[in-house]
Amino acid sequence: MESLSLDSSCFSSPPVNFLQELPSYRSIARKRTTILSRDKQNGTLLKPTDSYNFQLEGEITEDLDNQSIRKYALNISEKRRLRDIQETQMKYLSEWDQWKRYSSKSWKRFIEKAREMTTHLELWREDIRSIEGKFGTGIQSYFSFLRFLVLLNLVIFLIIFMVVLLPVLLTRYKITNSSFILIPSKDVDIQCTVYPISSSGLIYFYSYVIDLLSGTGFLEDTYLFYGHYTIDGVKFQNFIYDLPLAYLLSTIAYLALSLVWIVKRSVEGFKINLIRSEEHFQSYCNKIFAGWDFCITNRSMADLKHSSLRYELRADLEEERIRQKIAERTSEETIRIYSLRLFLNCIVLAVLAACFYAIYRATIFSQEHMKKEIDKMVFGENLLILYLPSIVITLANFITPIIFAKIIHYEDYSPGFEIRLTILRCVFMRLATICVLVFTLGSKITSCDSYLCDLCGYNQKLYPCWETQVGQEMYKLMIFDLIIILAVTLFVDFPRKILVTYCSSWKLFQCWGEQEFAIPDNVLGIVYGQTICWIGAFFSPLLPAIATLKFIIIFYVKEISLLYTCRPSPRQFRASNSNFFFLLVLLIGLCLAIIPLTISMARIPSSKACGPFTNFNTTWEVVPKTVSTFPNSLQTLVYGITSEAFAVPFFMIICLIMFYFIALAGAHKRVVVQLREQLNLESRDKRYLIQKLTEAQRDLRNRLD
């Protein structure tokens, strides 16, 4: 112990001079000299002690007023000292200020207790915590994302129910003293108002099943689809409820709510990813010293986490090797690899074009043949024709990821970029198939080859109520997607698990192995379903309720599949990266859903035989009509806001705000760089101090010897 007790005599210089030799002190001294010389020229120089005391006093008086002492990163003694200062300051305040302080504390304490109570009311709280403990935060983030979609669809359904369905139900069942205002007939040819609704589902049992799976027959004229709401308004005792305007505003409301909610949640993940943008050396250190997931309690998952960390380190080393390989490439090798990538991307585009064309032909064939009488075809044939577009889309979504995974190996990318590019291609494929289906239906609806089509503005013979028929297509996609998920789990995953477990001696089943719970594939599946819901909610107002039930079923099915039939993928995702990736893909799906909805509301003529917009050429025309009923001053204001004279300055202001935030982000990035430099200097200080301590101990031992 005596050898470890050092005094200042062991050093060749006083302690102050010794501390001044630290690398961090020298770096700060150089910066401070520059700042002091500039302040002397400006005449704004203060003593360091005065500046520090003033800053400390200001921080204490301001922060104690605005924040709780619990939020300070201090030890208990310092917090007690701050609490004493706070109580001393309270004695010199007026009664009004004291009451405000106590009220603010009580309100904050109430908010904290309320938040603690709401955490116990979270949906599937125990299930998700159990999954997190057994399989880590990566898979837990998938189930949390699924819970978010359940809540989102539930809120969307409540918006549509309160704005559209509730006034209709209150009037139809005589709950309130109100009545319907039927749509007045205008100068519309009577041939355009013909809308024959089939009732064959009441005759044959298999027809009833077909109607239940396709939304036709007895389901066609229900609250499920657009065509049932052929009402101009609801007349209450004191006002008239404009149902067409409410129908349009509910669509805008749920799209805007989805956008704001997704952006709000994704900003948090973006901040974390921005902070974690690190150098390669720091990435290695973080994986080795801070890469462990302490939520894991299962032995097999701990082994999987070990293999995952080894995989990440191998991937980082492989990326570093590829960077060196790229730097050492000759011009001939560069031309060769870029030519190969160009050729392979042409193959990818050809595969996408083939899938899109197959969906287009399947949709055309299904729409042209599904109008046959049910008694003229057998049950399987009718069901196959009705679900032909859904079947082709499902096959395309199943085959193309396999092709993309094979192609990416020949493009000579880094492992991380391979995963991202493959996922990006699969995202585009899954979401673009829905848009191809919708635009194919739009082309069939607007294709005019007869006098009746020119008279009504759309193909009235094939689509007397085209909004309902688009809603039926979205309904079939939703139902078929759920059937496929259940069928794969029951008839593929469970038998595969049984064969791998009880026939493990067979080499074929050993090579086959258990099904991997691949997070990106499962996320793309539920984002695909959510995109269908966004597009179809306008044409089928109850579709969000169906989507809510569907995602609840998927949650339990995937949980059972994860626990009993699947094994986690060795390529694990960090929770923060996963959440940001999920929301980014969901945001892409929302943007793609807005495009066909906007075109259908603004460009395609509305049906003259059904729906609340039969007296309007397009759905959007209800907005100018409503604005025309406003007072003149309010009309002038609305027209001024929507004019080019307002749009150009508004766009310039938005650009200035955007440039400001870009500059602010740059400043924050520079601060992050400075903090990283400070961490590097601290590590150098530690090495320097350890070196000096070792030298001092060596000198002390030499003197004692």
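Quick caveat: nothing in here was measured; it's all calculated off a predicted structure.

Account for the UniProt feature "transmembrane region" (unreviewed entry) in the protein, with residues named and values stated.
Feature annotation in UniProt places "transmembrane region" (unreviewed entry) on residues 145-170, 245-263, 342-363, 384-410, 422-442, 534-557, 578-599 and 646-667, given in this structure's numbering. This span, residues 145-170, is 100% helix and 0% strand, and a straight line between its end C-alpha atoms measures 35 Å. A distance of 23 Å separates the end C-alpha atoms of residues 534-557, which is 75% helix and 0% strand.

Requested: an account of the state of the cysteines, with residues and values cited.
Think of a disulfide as a covalent bridge from one cysteine sulfur atom to another cysteine sulfur atom. Under the criterion given, the structure shown has one disulfide. Across the disulfide from Cys465 sits Cys610; the S-S distance is 1.8 Å. The sign of the 85° torsion about the S-S bond sets the Cys465-Cys610 disulfide as right-handed. Separated by 145 residues along the polypeptide, Cys465 in the loop between α16 (451-456) and α17 (466-502) and Cys610 in the loop between α21 (575-602) and α22 (622-628) bring together distant segments of the chain. Across the pair, exposure class does not vary: Cys465 and Cys610 are buried alike.

If you had to explain a positive patch on the surface to someone new, which residues and values would you point to?
Positive charge collects at one region of the surface, where Arg83, Lys105, Arg109 and Lys113 lie side by side. In terms of residues, the positive patch owes the most to one element, helix α5 (residues 95-119), which gives three residues. Take Arg109: it is sitting in helix α5.

Please provide a residue-by-residue account of the packing of α17 against helix α19 (residues 519-536), values included.
In a packed pair of helices, the relevant descriptors are the angle between the two axes and the axis-to-axis distance. Viewed as axis vectors pointing N to C, α17 and α19 meet at an angle of 160°, and their least axial separation amounts to 9 Å. One way to sum up the angle between α17 and α19 is to call them roughly antiparallel. Helix-helix and strand crossings are classified by hand; for α17 and α19 the assignment is left-handed. Packed against α17, whose contacting residues are Met474, Leu477, Met478 and Asp481, the element α19 presents Gly525, Tyr528, Gly529, Ile532, Cys533, Ile535 and Gly536 at the interface.

Account for a nonpolar patch on the surface, naming residues and giving values.
A surface patch of nonpolar side chains, about 950 Å² in accessible area, is lined by Leu634, Leu637, Ile641, Phe646, Phe650, Ile653, Ile654, Ile657, Tyr660 and Phe661. Broken down by secondary-structure element, the contributors of at least two residues to the nonpolar patch are α23 (632-641) and α24 (644-704). Tallying contributions element by element places α24 first for the nonpolar patch, with seven residues. On the secondary structure map, Tyr660 appears in helix α24.

Tell me about the nonpolar core, and name the residues and values.
Tyr142, Phe143, Phe145, Tyr254, Trp534 and Phe538 are the most contacted members of the largest nonpolar core, which has 116 residues in total. When residues of this core are assigned to their parent elements, the largest contribution, 15 residues, is made by helix α7 (residues 137-172). If we skip the residues at most four places from it in the chain, Tyr142 touches Phe517, Ile519, Asn522, Val523, Ile526, Ile554, Lys558 and Phe582.

Explain the packing of α17 against helix α20 (residues 543-564) to me, and be specific about the residues and the numbers.
At a closest axis distance of 11 Å, the pairing of α17 and α20 adopts a crossing angle of 10°. The pairing of α17 with α20 is recorded here as roughly parallel in orientation. Here α17 contributes Met474, Tyr475, Met478, Ile479, Asp481, Leu482, Ile485, Leu486, Thr489, Asp493, Phe494 and Lys497 to the contact with α20, which in turn contributes Leu543, Ile546, Ala547, Lys550, Ile553, Ile554, Val557, Lys558, Ile560, Ser561 and Tyr564. Class assignment for the residues of the contact of α17 with α20 results in 16 nonpolar, two polar and five charged.

Lay out the sheet that holds strand β2 (residues 233-235) in plain terms, naming residues and giving numbers.
Note on sheets: strands pair through backbone hydrogen bonds, and any given pair is parallel or antiparallel. Taken in spatial order, the three strands of this open sheet run β1-β2-β3, and their pairing is antiparallel. Sheet topology places β1 (179-181) and β3 (240-242) at the edges, where each strand pairs with a single neighbour. The average undirected angle you get between the axes of adjacent strands in this sheet is 25°. Summarising the sheet, β2 and β3 pair through three bridges and their orientation is antiparallel.

Go over the side chain of Ser250, please, and point to the residues and values.
Looking at the element boundaries, Ser250 is found in helix α9 (residues 243-275). Once residues within four sequence positions are removed from consideration, Ser250 is found in contact with Ile159, Val163 and Val164.

Residues and numbers for the packing of aromatic side chains, please.
Throughout the structure, instances matching the rule amount to 25 aromatic pairs. Seen from their ring centres, Phe157 and Phe161 are 5.9 Å apart, and the 35° between their planes marks the pair as tilted. Taken together, the residues span about one helical turn, with Phe157 and Phe161 both in helix α7 at a distance of four residues. With relative accessibility at 24%, the residue Phe161 sits in the partly exposed group. Pairing Tyr660 with Phe661 gives two aromatic rings, centres 5.3 Å apart and planes at 70°, and the pair type is edge-to-face. Among the aromatic side chains, those forming a connected cluster through ring pairs are Tyr223, Tyr226, Tyr229, Tyr247, Trp466, Phe538, Phe539, Phe613 and Phe616. Lying over the aromatic face of Phe148, Arg265 brings its terminal NZ or CZ to 4.3 Å of the ring centre. The residue whose ring lies beneath Arg341 is Tyr338, and the NZ or CZ to ring-centre distance is 5.5 Å.

Rules of the game
- Residues numbered from 1 in each chain as written.
- Predicted model: local features only at pLDDT ≥ 70, side-chain atom pairs only at ≥ 80, totals over all residues.
- Heavy atoms only, no water.
- UniProt positions renumbered as here; feature names shortened; annotations may be inferred.
- Helix = DSSP H or I, 4+ residues; strand = E, 2+ residues; numbered from the N terminus.
- Disulfide = S-S within 2.5 Å.
- Buried < 20%, exposed > 50% of the residue type's maximum accessible area, 1.4 Å probe, protein only.
- Patch = residues over 30% accessible without salt bridge, like charges linked within 9 Å, V, L, I, M, F, W, Y side chains within 5 Å.
- Areas by Shrake-Rupley, 256 points an atom, 1.4 Å probe, with all protein chains shown as cover.
- Salt bridge = Lys/Arg side-chain N within 4 Å of Asp/Glu carboxyl O.
- Lys, Arg positive; Asp, Glu negative; His and termini not counted.
- Charge placed at Lys NZ, Arg CZ, Asp CG, Glu CD.
- Axes fitted to C-alpha atoms, helices over the stretch in contact; angles between N-to-C directions.
- Parallel < 35°, antiparallel > 145°, perpendicular 65-115°, else oblique.
- Left-handed = near helix turned anticlockwise from the far one by under 90°.
- Contact = heavy atoms within 4.5 Å.
- Core = buried A, V, L, I, M, F, W, Y, C linked by side-chain atoms within 4.5 Å.
- Nonpolar A, V, L, I, M, F, W, Y, C, P; charged D, E, K, R; others polar.
- Pairing = 2+ DSSP bridges.
- Phe/Tyr/Trp six-rings, centres within 6.5 Å; stacked < 30°, edge-to-face > 60°.
- Lys NZ or Arg CZ within 6 Å of the ring centre and 35° of its normal.

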